[in-house]
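# Working through the structure, step by step
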Amino acid sequence: MKKIGFFVLLAALIFGLSFAGQASAQTSGATIILDGQALSLQKKDKIEIIKGSVMVPLRVIAENLALLVTWNQQNAQVKILTGTGDIELTIGRMTASVGGAELKLNAAPVNRSGTTLVPLRFIGEAAGLEVGWDNAKKVVSLASPQTSEPTSAPTPTPTPFPSASPTPSPGATPTPVPSPSPVSGGQIKGIGWSNDRLAISFVGSLVPRTYAAADPARIVVELPKTSFDPAFASIQAFDAATQSGAFAVTDSSNATRVRYAVTDTDAQTIAITIELTGNKSFTAYQEADFETSVYVIDLKTSATPTPSPVNPDNGKKIIVIDPGHGDGDPGGVGATNKLEKNFNLSLALKVEALLLREPAFQVLMTRRDDTFVPRPERASLANAANADAFVSIHANIADGKPTVRGTETYYYKNSGKALADIMHKHVLGATGFTDRKVKNANYQVLRETTMPATLLEVGFLSNATEESILFSDSFQDLVAKAIVDGLKEYFGVK
Ligand SMILES: [Zn+2]
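The numbering scheme is per chain: residues are counted from 1 as the chain's sequence reads. A pLDDT threshold of at least 70 governs which residues receive local features in this predicted model, and a stricter bar of 80 or more applies before side-chain atom pairs are shown or counted, although totals over entire chains, interfaces and linings include all residues. The basis for every side-chain value is the complete set of heavy atoms in the structure, and neither hydrogens nor water enter the calculation.

This next bit is on the packing of helix α6 (residues 417-431) against helix α9 (residues 473-491). Angles run from 0 to 180 degrees between N-to-C directions of axes, and those axes are lines fitted to C-alpha atoms, restricted for helices to the stretch in contact. Counting from the N terminus, the helices are DSSP H or I runs at least four residues long and the strands are E runs at least two residues long. Their axes nearest at 8 Å, the elements α6 and α9 cross at an angle of 150 degrees. In this view, α6 runs roughly antiparallel relative to α9, as classed from their interaxial angle. Judged by the twist between their axes, the crossing of α6 over α9 is right-handed. Between α6 and α9, the residues in contact are A418, L419, I422, M423, K425, H426, V427, A430 and T431 and F475, L478, V479, A482, I483, D485, G486, L487, E489 and Y490, respectively. Side-chain classes follow a simple rule in which Ala, Val, Leu, Ile, Met, Phe, Trp, Tyr, Cys and Pro form the nonpolar group, Asp, Glu, Lys and Arg form the charged group, and the remainder, Gly included, forms the polar group. Taken together, the residues of the contact of α6 with α9 break down into 13 nonpolar, three polar and three charged. Reported orientations rely on four angle classes, namely roughly parallel under 35 degrees, roughly antiparallel over 145, roughly perpendicular from 65 to 115, and oblique for the rest. The handedness criterion is simple: a crossing whose near helix is rotated anticlockwise from the far helix by less than a right angle is left-handed, and one whose near helix is rotated clockwise is right-handed. Here, two residues are considered to be in contact whenever any of their heavy atoms come within 4.5 Å of each other.

Set out below in structure tokens:
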């Protein structure tokens, strides 16, 4: 199952670490009621009414409306992920982008001593909530839409964007955006820690409520209507009796342990806790692209500049090999629970070994071990190195269709088509699987790379026969050689 992805860059959701002293929302005389309950706000949460718009701190939106909120300091830009399309607001700007359409605001977002205040009504409506305003009592009421449990993987049907009070700016046509996805209904496939990032991979939809807490210092991700994938317990530590598990973090000065548990069986709530060495700030974002989506809590303070091992001046073609997924993102889980991330890495390392023997090529790997690397980082590594080709290695999953099998190859930009065609010919020749052809898809690593890029889905792990073949060492040797042969043909190397 494939989903067109979204990714939030430069997310910054920095919470106050003390949750003591909560008060109900009555600052500035305004009360906010969500689904009949007055919002519980911190004393420091300042609410203002500007030009008739109730302005609330971003934190209030993130925590109470369970929306993923990110903040780009450089551009003074706020991005809010909703099931109906991303909302983008800029401090001081009277228009906002909702699902790509520009809409006028009654009041622009403002910064008040480091706190960003945003228009509650606008965001509530854009996120599909019913918003009411009692001017006499100064009460904002918000009501969640009625949601139904998904019976199977729901296919979003495009519907016009729900009418919001702001009028579209002249010339702007509101883009139809998918109808709201169910409030939640996700299955966790993996949880991992690498490089100061917690990666939670899932299928379905996840509406995380993420917050920091003190004594002891920790970050908690609460996931309502979420369950562990049946295969989860076979992938990592999990005690079926207590419905919980944990692993130690050994490579970080920020965290010591990650634990996860079903905390509310009725509401199917799972809590994932990062035990910290002290109060830490973090960013949170979601990636949704391939077989699984990933929710990331990122404690990295700055992007680690990786010195490029490639030499741009020696005339050798720079090939980036990208083993898909990694660590907490297992990718597809096969018919007998073999993990896609392991296949991808194993094959990629074989390709690397062969490329290192080719005088015409130098090779750059996006990962060389079981590490989670966000997709934009994979693309930017290749872009920064001025690579000549990008080859992403994956294996496929067809949920609920164990007989589906075959080899398919993807490109997105036209610049990648010739590479994809040649790679497909060689890889298909090696696998001998059903020819599922070369296809076009808007995958992030294909979209964001600036050089010819292709993504290989070598075979189907959800098919028991292909799963067993894919993990065979001699088969991987053949496919690795085919990938190198394809690159040689593409670059005209003898
Ligand atoms: Zn994959």
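Looking now at the nonpolar core. Here is a general trend for soluble globular proteins: nonpolar side chains tend to be buried in one another's company. Buried residues of nine kinds, namely Ala, Val, Leu, Ile, Met, Phe, Trp, Tyr and Cys, make up a nonpolar core once their side-chain atoms join them within 4.5 Å. With a 1.4 Å probe rolled over the protein chains alone, any residue whose accessible area is under 20% of its type maximum counts as buried; one over 50% counts as exposed, and the rest are partly exposed. Core analysis: the largest hydrophobic core is formed by 32 residues, its most contacted members being I321, L347, V351, L355, I393, I483 and L487. Broken down by secondary-structure element, the contributors of at least two residues to this core are β29 (317-323), α4 (340-355), β30 (361-365), β31 (389-396), α6, β34 (453-460) and α9. Looking at this core, the element that brings in the most residues is α9, giving eight residues. If near-sequence neighbours (up to four positions away) are discounted, V351 is found in contact with I321, I393, A480, I483 and V484.

Turning our attention to the pairing of strand β12 (residues 101-104). Because side chains alternate across β12, one face comprises the buried residues A101 and L103, and the other comprises E102 and K104, none of which is buried. Two strands qualify as a pair provided DSSP detects at least 2 bridges between them. Across four bridges, the pairing between strand β11 (residues 95-98) and β12 is antiparallel. Each bridged residue has a counterpart across the sheet, and for V98 the counterpart in β12 is A101.

Taken together, four strands build an open sheet; the order of strands is β6-β7-β14-β13 and the sheet is antiparallel. Each edge of the open sheet carries a strand with a single partner, namely β6 (48-50) and β13 (110-112). Taking each pair of neighbouring strands and ignoring which way they run, the sheet shows an average axis angle of 40 degrees. Across three bridges, the pairing between strand β7 (residues 53-57) and strand β14 (residues 115-119) is antiparallel. Looking at the pairing, V56 lines up with V118 of β14.

Further remarks concern α6. Any helix carries an expected span of 1.5 Å times its number of residues minus one. The end-to-end C-alpha distance of α6 is 20 Å, a good match for the 21 Å that 15 residues give at a rise of 1.5 Å each. Turning to α6, its buried residues number three or more, namely L419, A420, I422, M423, H424, H426, V427, L428, A430 and T431. Looking at the packing, one finds that the buried side of α6 touches β31, β32 (407-411), β33 (435-440), β34 and α9. Immediately downstream of α6, the backbone of G432 shows phi near 70 degrees, a positive value.

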